[in-house]
Amino acid sequence: MAAPGDAPPPVVYTMENKPIVTCAGDQSLFTSVYPTLSLQLPREPMEWRRSYGRAPKMIHLESSFVQFKEELLPREGNKALLTFPFLHIYWTECCDTEVYKATVKDDLTKWQNVLRAHSSVDWLIVVIENDAKKRNKTNILPRASIADKIRNDFCNKQSDRCVVLSDPLKDSSRTQESWNAFLTKLRTLLLMSFTKNLGRFEDDMRAVREKRTEPGWSFCEYFMLQEELAFVFEMLQQFEDALVQYDELDALFSQYVLNFGAGDGANWLAFFCQPVRSWSGLALRKPIDMDKRELVRRREASLLDLRSYLFSRQCTLLLFLQRPWEVAQRALGLLHSCVQELRLLEVSVPPGALDCWVFLSCLEVLQRLEGCCDRAQLDANVAHTVGLWSYATEKLKSLGHLCGLVSEEGPDSEDLNRTVDLLAGLGTERPETANTAQSPYKKLKEALSSVEAFQKHYLDLAQASMDMYSSIGRTRSAKLVGKDLAEFHMRKRSPQKAELYLQAALKSYVAEGWALPVTHTRRQLAACQKLLGQLEDYLQTSSLLASDGHLTEDERRYFCQEVVSCAQRPPDSPGRRILLPLESFAQLRELSFRPAGGAVHVGGTLAVDVTLSSRMPAPVPLEQLGLRLHFSAARGPAQPRTSSPSPCPPPLAARGGSPAPELHAVLERSPSDGDGALASAGIICRNVHLLLRAPEPAPGPDAPTRLVLEDGPHALHREGLTLQPGDNLVSFQTQAAEPGTYTLRQLWASLGPVCFLLPRLPPPAQYDVYSQEPQLHVEPLADSLLAGIPQRVRFTVTTGHYTVKQGDSLQLSNVDAMLVLWDADRRASVYSSDREKTSDTTLRVQASDRVTSIGLPAAPAYHVIEFELDVLSLPSAPAASESIGEAARPPWTTQDAQGAEPRMATTDHKVSIDCPWSIYSTVIALTFSMPFRTTHALLSAGTRKYVQVCVQNLSDLDFRLSESCLLDTEGSADLRLVPLHTQALQRLHSRQTLFFVWELLWGRPPPPALQCRFSLGFTPDAQERAPVALRPYTYDFRLEGFFTLYTVCAEIRPPPGAEHCRTGALCSLEVAVTRLSDLLEADRDEALAQGQEQLPTRLLYEVVDNSSNWAVCGKSSGVFAMPVAARATHRVRMEVMPLFAGCLPLPDVRLFKYLPHHSVHSAQPDADSWIENDGVSVDRPADEDSGSVRSRGSAHPAGSGEHRGLPMPRLQALPPGQVFQASAGRQVLVLPSGDDHVLEVSVT
């Protein structure tokens, strides 16, 4: 802080720079208030609002007060903000008018004229009032008159530019108030000046930057200009804004370098393309490196100088912002980018100079961080600094190779000269690090001084880098540093130390699947193992390298020859065998059996075909290639397998399973909504820690696994083979001796004492040797066997261990309902176990009444005999039900209640077969399906009767029908059946129905029942001629009560005086029931006879209308007595009302036979006592009267529950053939009523 009154010191760009405020007027007065002013000014923060929408900030203002001189005022073209006076203050303590007029006013006028000449408008006049001086003056003006005069003379439009400070050295409330007002005004004016001048400076700087495409533009001048802005922000302690200025300069320079590399170079970049002559590294110990800044200002700085200075300023600001770890991150990026920029700019750099610069810079940054952070912070933030440690290690290694410090012989003269040149480029050590024992300069100089010192420093740095990488979980980087250490130890002829690092790195690379690093590491490991004399490990590594496609062909052939050469050497100890994994030598591609099923009988020959893909680049002679088998004896009678193992096992690979993700829905509902509306929905995985965890490393081919070659009597092997590169097909032959299961366990290939072994075959392949019992199978050739026509079946005899001799035969017991058919040209074929036909002979069949003998051709064991025969099942339909109502279901509604198609009736025939190899008979069952479904119905026309038979073809075949016939099996003499259908040949297609009709004619009263048989000849339409005479299809049924006993005639008349019936008008319904014959034998029952008297038949009638066309008014049912006499008639009248207009069918009239109750208790009352006015309560199905509409006065049938426990009469339904509805099909014309606005017409 410069004292007022002294000459202004030269501007030094240090962190103590503050905004300059000049002081004019009474200097002794200002000196007295300076201590208080310097303390009070930065105490209160001020809000700084800037332009361009930048966020406001709170800053504490400090100033450097200097004596006013005209030389301090800025001149045209001066852009240095640090030397710019932001405010000018005039101090006066004048309280006398005469003194003011004589001296102060003139001095103020000169002061303002100087400011006005330099266009400076930021000024302030401070008038200090002292009460002690006022008391000594008798002719002073009233209070504040001097301040008023100054305002009138100099502050006409800016009266606030004159402030009064009362007794500043006293401690009173009035003094404090005046200080507060003065400080507020001072801070406000300073902030206004900052904002105005900084804004003007930024505009000027922006204008200069916009001219960067012009030829004369200089980056160094612009650098100095923008750095002035950064200095101002730093002066205001706005370190973030100051850092932004340097970052913009960094980005601008990097972009120009990239453009230069792309061919778009700027002229000013030529200053930075000068050769590098100094590589002393970064300098971060001083806030501002004035030497390098001066080089930049004079345009003499190299690329490394500019980058070093720029990063040192960024580092200083980052440390002020307490972001030291960002320094490490930026430093690593800077070092890498500098290397690339030197290449892009084609800067001449001596060999090793850049390595020295990077090494020194890494250590400088690390030591700078160690100086501002404690050990705990450094250990907790290793992840930010480990990159610098690793980069320094890498560069030191490069310097060691360059200077000959890594070679086994040591450095030569050329290496020493290069080392001297590199040390000379470092220059002298900086003063700020001269007293530091472990400065980067001393470390590098010591490391390059001797081989031992270099080894010590390099090993320390490499080990520290490995430990840091391991501590933060970056194992890959740690293994990479370990590989560098292994290479260093190999150069130092210490392979035992190098092997540890190589094995660890190889294990990590194999587990993570890095192909190229695995190849490179194995090649290093092979050299290490060869030096150590580890023959087994060297052979395994060499075989892996010989099969590695990432190596060149010559390298692969070299390692392949190494394997063959080592295998041809005599072993150290007799009988020693070296076991190596097969997958490094060859790969099992495919394994299959012949026969393909993998099953062979005892004594048979089986071949195992192995496709082995050699991974070697050259042919390899093998002493032996073998398969080790594991034998499991068969338990019980062995059978051949029906399914064979997969002939193509998948390639050998590690198999592992990962857990399934556990997904759950996450629903978030809005708390503000009362109904809990859904705000968001998502899915989370609860076992993500299991799914995303690092996979456990699978043991690779380099892993030391213990291989054991199993020993046993069961093995297949081939000798004297040569494996060619690529796929090789090798066949193993074996003859089955003992029944059981043989599992292929191991595959090996031997070259002298070296044996490549596959310990387990994935998946396990096996073949079966079986001893099979003879078997007989009979199966139809079609999906189902049809009765009535010849059907072909296949006989399959599996001989098993039995040898069929000439003369052996199968003895079939005949079945009455099934015939066995054959012809002279039937043949029997003999097949081997692999389905190759061995013989074909004529089949010999002999038949008798009870047995059919089938001669078998001679066949050896484990062969198959096949032949075909025809069987014929006699056609007959199942007996029909005796009830006509059940059998009379219409044939076009043959589906069941669920709508499914009707199924064919089936019948089973069991045949007993005696086989020559067994003393027991074999019983087989053949199921035949009836192709037809037959129903019958009784049709009436008055007293004339007709029988209808319906035949439905349910099979998929078409048939030709002929000779249809219907017979009375009881042979009634006066009964005739006259066919009304054609007798010509007819075709019945699949799923079709055909009807046959006969008329019943009789001369005298017919019998009570009629037993009928329907027969029909049929032949498949596809056959021109049947091979044998086919028996006709028969269907038996029984008809009871088929004669007409009653005739029911109904008639509806319109109301009196009307010609037609109308809707809503009551009409008369007359029902006449007429008996057509006297008492018949079939009509007798317990209700018609009591002793010797003939009682009338009691009948119940019921009028129902299921179509809901009529409303029956009054009684709709009743009981009446019908005399047992021909032409006896009973009439019933009732009223009905039509509900719709149109031609309406008549309601239905049903008749039931009304029978008295029978009970063993004589005390029961007579059934007639329960009938009142011919009304009766009848239980009948609910759907019989569901469609009828009854009036309010109609009699509703009551359930039997009303008279629970009392005897009730019962009803008997009359057979359908005994009642003839004479009015069926008749309709009545009904007209609509006259006042209907909406006409409803029923159309039937």
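Please read all numbers here as calculations on a predicted model, not as lab measurements.

## Topic: the overall build of the protein chain
Right, so step 1: A tally of regular secondary structure across the protein chain gives 23 helices and 54 strands.
Right, so step 2: In the protein chain, which comprises 1244 residues, the share counted as buried stands at 46%.
Right, so step 3: If you take every contact in the protein chain between residues at least 6 apart in sequence, the share linking residues at least 24 apart comes to 74%.

## Description of the nonpolar core
Right, so step 1: Trp91 and Phe182 are the most contacted members of the largest nonpolar core, which has 133 residues in total.
Right, so step 2: Ignoring any residue separated from it by four or fewer positions in sequence, one finds Phe182 in contact with Leu37, Trp91, Leu124, Val126, Val163 and Leu165.
Right, so step 3: Within the second largest apolar cluster, 61 residues are counted, among which are Leu776, Leu821, Val871 and Met930.

## Some points on the packing of helix α19 (residues 515-532) against helix α20 (residues 535-546)
Right, so step 1: α20 packs onto α19 with a crossing angle of 150 degrees between their chain directions and a minimal axis gap of 9 Å. Taken together, α19 and α20 sit at an angle that is classed as roughly antiparallel. Viewed along their axes, α19 and α20 form a crossing whose handedness is left-handed. Contacts between α19 and α20 involve Thr519, Arg522, Arg523, Leu525, Ala526, Gln529 and Lys530 on the former and, on the latter, Asp537, Tyr538, Thr541, Leu544 and Leu545.
Right, so step 2: The residue makeup of the contact of α19 with α20, split by class, is five nonpolar, three polar and four charged.

## Details of the sheet that holds strand β41 (residues 1061-1062)
Right, so step 1: Strands sit in the order β41-β54-β49 across an open sheet of three strands; the sheet is mixed. Of all strands in the sheet, those bounded by a partner on one side alone are β41 and β49 (1142-1145).
Right, so step 2: Pairing of β41 with strand β54 (residues 1227-1231), which is carried by two bridges, proceeds in the parallel orientation. Counted as the bridge partner of Arg1062 is Leu1231 from β54.

## A closer look at the sheet that holds strand β50 (residues 1148-1155)
Right, so step 1: A sheet is described by the order of its strands in space; here four strands give the open sequence β47-β45-β50-β52, paired in antiparallel fashion. The sheet is open, and its two borders are formed by β47 (1117-1122) and β52 (1210-1213), each paired with just one other strand. Adjacent strand axes in the sheet meet at a mean angle of 40 degrees when their direction is disregarded.
Right, so step 2: Pairing geometry for β50 and β52, over four bridges, is antiparallel. Of the residues in β52, the one forming a bridge with Leu1155 is Arg1210.

## Quick notes on the pattern of salt bridges
Right, so step 1: All chains considered together, the criterion is met by 59 salt bridges.
Right, so step 2: The partner of Glu866 in a salt bridge is Arg835, with the nearest N and O atoms 3.3 Å apart. Of this pair, Glu866 sits in strand β29 (residues 864-873) while Arg835 is found in the loop between β25 (827-831) and β26 (837-842), placing the two residues 31 residues apart along the sequence.
Right, so step 3: Note on Arg835: relative accessible area 47%, which makes it partly exposed.

## What to know about helix α8 (residues 290-297)
Right, so step 1: Turning to α8, its buried residues number three or more, namely Lys292, Arg293 and Val296. Along the axis of α8, the buried positions cluster into a sector of 105 degrees, meaning they face one direction only.
Right, so step 2: On its buried face, α8 sits against α6 (219-235) and α9 (303-320).
Right, so step 3: Residue Arg299 follows α8 closely and has a positive phi angle near 60 degrees.

## What about unusual backbone geometry?
Right, so step 1: Omega for the bond connecting Arg594 with Pro595 falls within 30 degrees of zero, at 5 degrees, which places this linkage in the cis form.
Right, so step 2: By the secondary structure assignment, Pro595 is in the loop between β9 (586-594) and β10 (599-601).
Right, so step 3: The phi angle at Arg299 is positive, at roughly 60 degrees, despite the residue not being glycine.
Right, so step 4: In this fold, Arg299 is placed in the loop between α8 and α9.
Right, so step 5: Of note, the phi angle at Tyr862 is positive, near 55 degrees, even though the residue is not glycine.
Right, so step 6: By secondary structure assignment, the location of Tyr862 is in the loop between β28 (851-855) and β29.

## A closer look at helix α16 (residues 451-471)
It helps to recall that an α-helix has 3.6 residues per turn; residues three or four apart then point in one direction.
Right, so step 1: Given a rise of 1.5 Å per residue, 21 residues ought to cover 30 Å, and the 30 Å separating the end C-alpha atoms of α16 matches this to within 8%.
Right, so step 2: Buried within α16 we find Ala453, Phe454, His457, Tyr458, Leu461, Ala462, Ser465, Met466, Met468 and Tyr469.
Right, so step 3: Capping the start of α16 is the job of one residue whose side-chain oxygen sits 3.2 Å from the backbone nitrogen of Ala453: Ser450.
Right, so step 4: Positive phi shows up at Gly473, right after α16, with a value of about 85 degrees.

## Structural notes on the side chain of His863
Right, so step 1: With respect to the helices and strands, His863 occurs in the loop between β28 and β29.
Right, so step 2: Polar side-chain contacts of His863 include one of 2.9 Å to the backbone oxygen of Ala861.
Right, so step 3: Dropping the residues within four chain positions of it, His863 is found in contact with Val797, Thr798, Thr799, Gly800, Val830, Tyr831, Ser832 and Thr838.

## Points about empty space enclosed by the protein
Right, so step 1: Within the structure shown, the criterion is met by six cavities of 30 Å³ or more.
Right, so step 2: The space that makes up the largest cavity amounts to roughly 130 Å³.
Right, so step 3: Around the largest cavity, the lining residues are Ser280, Leu282, Leu360, Glu364, Leu426, Thr428, Glu429, Arg430, Thr433, Ser439, Pro440 and Tyr441.
Right, so step 4: Among the secondary structure elements, those contributing two or more residues to the lining of the largest cavity are α11 (353-372) and α15 (440-447).

## Considerations on the pairing of strand β12 (residues 620-633)
Right, so step 1: Pairing of β12 with strand β15 (residues 715-723) involves eight bridges; the strand directions are antiparallel. Each residue of the ladder has a partner; that of Gly626, found in β15, is His717.
Right, so step 2: The pairing of β12 with strand β17 (residues 740-751) spans ten bridges and is antiparallel. If you follow Phe631 over to β17, its bridge partner there is Tyr742.

## Let's talk about the environment of Val1228
Right, so step 1: Checked against the element boundaries, Val1228 lands in strand β54.
Right, so step 2: For Val1228, a relative accessible area of 13% corresponds to the buried category.
Right, so step 3: Taking the C-alpha atoms as reference points, Val1228 and His1060, separated by 168 residues in sequence, lie 8.7 Å from one another.
Right, so step 4: With residues near it in sequence (within four places) discarded, Val1228 still touches Ile1052, Cys1061, Trp1110, Gly1142, Cys1143, Leu1144 and Leu1146.

## Digging into the confidence of the model for the protein chain
Right, so step 1: Counting all residues, the mean pLDDT for the protein chain is 82, and 85% of those residues have values of 70 or more.
Right, so step 2: Here residues 1-14 is a poorly scored stretch, pLDDT under 50, and it has 27 contacts once near neighbours within four places are set aside; other chains count.
Right, so step 3: Of the regions scoring below 50 in pLDDT, residues 882-898 engages in 27 contacts with residues more than four places distant in sequence or in other chains.

## Comments concerning the packing of aromatic side chains
Right, so step 1: A complete count under the given rule lists 45 aromatic pairs for this structure.
Right, so step 2: An angle of 65 degrees between the planes, with centres 5.4 Å apart, marks the rings of Phe932 and Tyr1033 as edge-to-face. Within this pair, whereas Phe932 is found in strand β32 (residues 932-941), its partner Tyr1033 is found in strand β39 (residues 1033-1040), the two being separated by 101 residues in sequence. This pair shows no difference in class: Phe932 is buried, exactly as Tyr1033 is.
Right, so step 3: Every member of this aromatic cluster is reached through a ring pair, and the members are Trp217, Phe219, Tyr222, Phe223, Phe253, Tyr256, Trp268, Phe272 and Tyr309.
Right, so step 4: Between the NZ or CZ atom of Arg161 and the centre of the ring of Trp123, over which it lies, the distance is 5.5 Å.
Right, so step 5: Taking NZ or CZ as reference, Arg835 lies 4.3 Å from the ring centre of Tyr831, over its face.

## Thoughts on the side chain of Thr1044
Right, so step 1: Within the secondary structure layout, Thr1044 lies in the loop between β39 and β40 (1046-1053).
Right, so step 2: Among the polar contacts listed, one links the side chain of Thr1044 to the backbone oxygen of Gly942, at a separation of 2.7 Å.
Right, so step 3: Of the polar contacts made by the side chain of Thr1044, one reaches the side chain of Lys945; its length is 2.9 Å.

Conventions and cut-offs
- Residues numbered from 1 in each chain as written.
- Predicted model: local features only at pLDDT ≥ 70, side-chain atom pairs only at ≥ 80, totals over all residues.
- Heavy atoms only, no water.
- Helix = DSSP H or I, 4+ residues; strand = E, 2+ residues; numbered from the N terminus.
- Buried < 20%, exposed > 50% of the residue type's maximum accessible area, 1.4 Å probe, protein only.
- Contact = heavy atoms within 4.5 Å.
- Core = buried A, V, L, I, M, F, W, Y, C linked by side-chain atoms within 4.5 Å.
- Axes fitted to C-alpha atoms, helices over the stretch in contact; angles between N-to-C directions.
- Parallel < 35°, antiparallel > 145°, perpendicular 65-115°, else oblique.
- Left-handed = near helix turned anticlockwise from the far one by under 90°.
- Nonpolar A, V, L, I, M, F, W, Y, C, P; charged D, E, K, R; others polar.
- Pairing = 2+ DSSP bridges.
- Salt bridge = Lys/Arg side-chain N within 4 Å of Asp/Glu carboxyl O.
- Arc of directions from axis to C-beta.
- Expected span 1.5 Å × (residues − 1).
- Polar contact = N/O pair within 3.5 Å; in protein donor to acceptor, adjacent residues only side chain to side chain.
- 1 Å grid on protein atoms, 1.4 Å probe; cavity = no way out; pocket = protein on both sides within 12 Å on 5 of 7 lines; lining within 4 Å.
- Points joined across faces, edges and corners; volume = space filled by probe spheres on them.
- pLDDT = per-residue confidence, 0-100.
- Phe/Tyr/Trp six-rings, centres within 6.5 Å; stacked < 30°, edge-to-face > 60°.
- Lys NZ or Arg CZ within 6 Å of the ring centre and 35° of its normal.

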